[in-house]
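# Structure at a glance
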Amino acid sequence: MDKDVIYNDLVTNIHFSDFKNLESIINSKNQFLIIDNNINKLYGNYFKNFDKFIIESKEQNKSIISYQNCINQLINNNVDKNITIFGIGGGIVCDFAGFVASTYKRGTKLILVPTSLLAQVDAAIGGKCALNFNKIKNVIGTFKQAEQILIIPEFLQTLNDDEFVNGLAEVLKIAIIYDYNLFEILENNNINNYRSNSELIKRIISKSINDKMEIVSQDYYDKGIRKILNAGHTIGHAIESKYELPHGKSVALGLKITTELSLKLNYINQNIYERVLGILLQHNLISDLKIDFNKLFKYILNDKKAENNKISEILILDIGKYKIEEFDIQIFKEKLNALC
Ligand SMILES: NC(=O)c1ccc[n+]([C@@H]2O[C@H](COP(=O)([O-])OP(=O)(O)OC[C@H]3O[C@@H](n4cnc5c(N)ncnc54)[C@H](O)[C@@H]3O)[C@@H](O)[C@H]2O)c1
């Protein structure tokens, strides 16, 4: 297999690429770009002569209003269904472009060029796309596989450290619950190494993508095993909403708390707990935020993963091994409070 191919099946091809290759792919009139405003400013030279919809990457803009504006532009430009839509940007653009491509004229071709670490290892991968509505995240969405996903690690040179860390939290998540080998690589490195060693970051990106695709390909429509990708997220999203902490740090705290719960339930021993905590600390992901679980619980209950008075949580049995456990909501609350 070509060394730059990360994942390939009948539907999607995910591969490493570079700016030269990108220029050769974006080359015809039959293409329409949906592009992040920062990427357009930083890398605009590559995208000068093309029809494009520029979107400012804010959650408020992953919206019906932006969608209407984009569809208007497509209609006004007489764009037909044989167009290829390119989504070039972070997770917001990937989600948005996927939604446009899956709905405009009942679906067009889609190519994604994720530019943030989070989008390269997670948001662009697996075919979920969505809009927010009435401040509810991702409540309108479809599944749309991109026929190609181009991973260009050079984009990460302009990504700031905070955004880089948001992506790393998702890499750590998959390592902790699913990939012991990736965990060991991360345990021996830090953000400076990933920033300075292009082979290392490529290895981490390709391992994370393959792990996610291995999971997604067993459960494309998110009815079973795909749930494990939410590890740390039920509590993490609640922390993000209540304490306005960045996504990566919130998910990391979610992972810390679920690992503590795994220890309390005797699924793991103290040594495993310390290794997981250690890797999160080593990547500067753990803050000393004092969490009030009583206040947090309202946000946990709002989470779509809390259904029929039950909540599913992803616990760990070992590094790289998970367990999906369903709790009665009241019992879950008591267990969290007992961690304090
Ligand atoms: N569909 C999925 O499976 C999935 C999975 C995870 C997250 N998501 C979604 O992804 C979104 C978050 O993605 P994100 O963290 O990439 O956020 P984002 O798209 O807002 O990007 C973060 C910031 O980084 C900037 N940026 C991106 N690439 C850059 C680069 N190369 N250089 C400089 N700046 C750059 C953007 O302009 C933005 O300001 C959320 O809306 C989330 O719901 C979707």
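The sections below set out a description of the structure shown in this document. (Residues numbered from 1 in each chain as written. Predicted model: local features only at pLDDT ≥ 70, side-chain atom pairs only at ≥ 80, totals over all residues. Heavy atoms only, no water.)

### Let's talk about the sheet that holds strand 6 (residues 109–114)
Strand order in the open sheet formed by seven strands is 1-2-9-6-5-3-4, with mixed pairing between adjacent strands. Each edge of the sheet is formed by a strand with only one pairing partner; in this case those strands are strand 1 (5–8) and strand 4 (52–55). Averaged over all neighbouring strand pairs, the angle between strand axes comes to 15 degrees, with direction disregarded. (Pairing = 2+ DSSP bridges. Helix = DSSP H or I, 4+ residues; strand = E, 2+ residues; numbered from the N terminus. Axes fitted to C-alpha atoms, helices over the stretch in contact; angles between N-to-C directions.)

### Topic: the packing of aromatic side chains
Scanning all chains against the criterion turns up 12 aromatic pairs. Geometrically, the ring pair formed by phenylalanine 143 and tyrosine 221 is edge-to-face, given 4.9 Å between the ring centres and 80 degrees between the ring planes. Residue phenylalanine 143 is located in strand 8 (residues 136–143), and its partner tyrosine 221 is located in the loop between helix 9 (198–216) and helix 10 (233–243); the two are separated by 78 residues in the primary sequence. Phenylalanine 143 sits in the partly exposed class, given a relative accessible area of 32%. These aromatic residues form a ring-pair network of at least three members: Phe19, Tyr43, Tyr46, Phe47 and Phe155. Just above the ring of phenylalanine 16 sits the side chain of lysine 202; from NZ or CZ to the centre is 4.9 Å. For lysine 242, the ring lying beneath its charged end belongs to tyrosine 243, and the centroid distance is 5.3 Å. (Phe/Tyr/Trp six-rings, centres within 6.5 Å; stacked < 30°, edge-to-face > 60°. Buried < 20%, exposed > 50% of the residue type's maximum accessible area, 1.4 Å probe, protein only. Lys NZ or Arg CZ within 6 Å of the ring centre and 35° of its normal.)

### Examining the site of the ligand
Around the ligand sit 24 residues, and of these Asn38, Glu59, Gly91, Ser116 and Thr158 come closest. At a separation of 3.0 Å, a nitrogen atom of the ligand approaches a polar backbone atom of lysine 128. Between threonine 158 and the ligand, the recorded distance is 2.7 Å, taken from a side-chain N or O atom to a nitrogen atom. In isolation the ligand offers 860 Å² of accessible surface; the protein chains occlude 85% of this area. Listing elements by their share of the shell around the ligand, those giving two or more residues are helix 2 (37–43), helix 4 (91–103), helix 5 (117–123) and strand 8. (Near = heavy atom within 4 Å. Polar contact = N/O pair within 3.5 Å; in protein donor to acceptor, adjacent residues only side chain to side chain. Areas by Shrake-Rupley, 256 points an atom, 1.4 Å probe, with all protein chains shown as cover.)

### Observations concerning the pattern of salt bridges
All told, the structure shown has 14 salt bridges when counted by the stated rule. A salt bridge links lysine 58 to glutamate 56, with the nearest nitrogen and oxygen atoms 3.4 Å apart. Note on lysine 58: relative accessible area 35%, which makes it partly exposed. We classify glutamate 56 as partly exposed; its relative accessible area is 39%. Among the ionic pairs, aspartate 161 bridges to arginine 195, the shortest N-O distance being 2.9 Å. Here the residue aspartate 161 occupies a position in helix 6 (residues 161–178), and arginine 195 occupies one in helix 8 (residues 191–196), the gap between them amounting to 34 residues. The class of aspartate 161 is partly exposed, set by a relative accessible area of 45%. A residue is classified by how much of its surface remains accessible, and arginine 195, at 30% relative accessible area, is partly exposed. (Salt bridge = Lys/Arg side-chain N within 4 Å of Asp/Glu carboxyl O.)

Any functional reading would require information that these geometric values do not contain.
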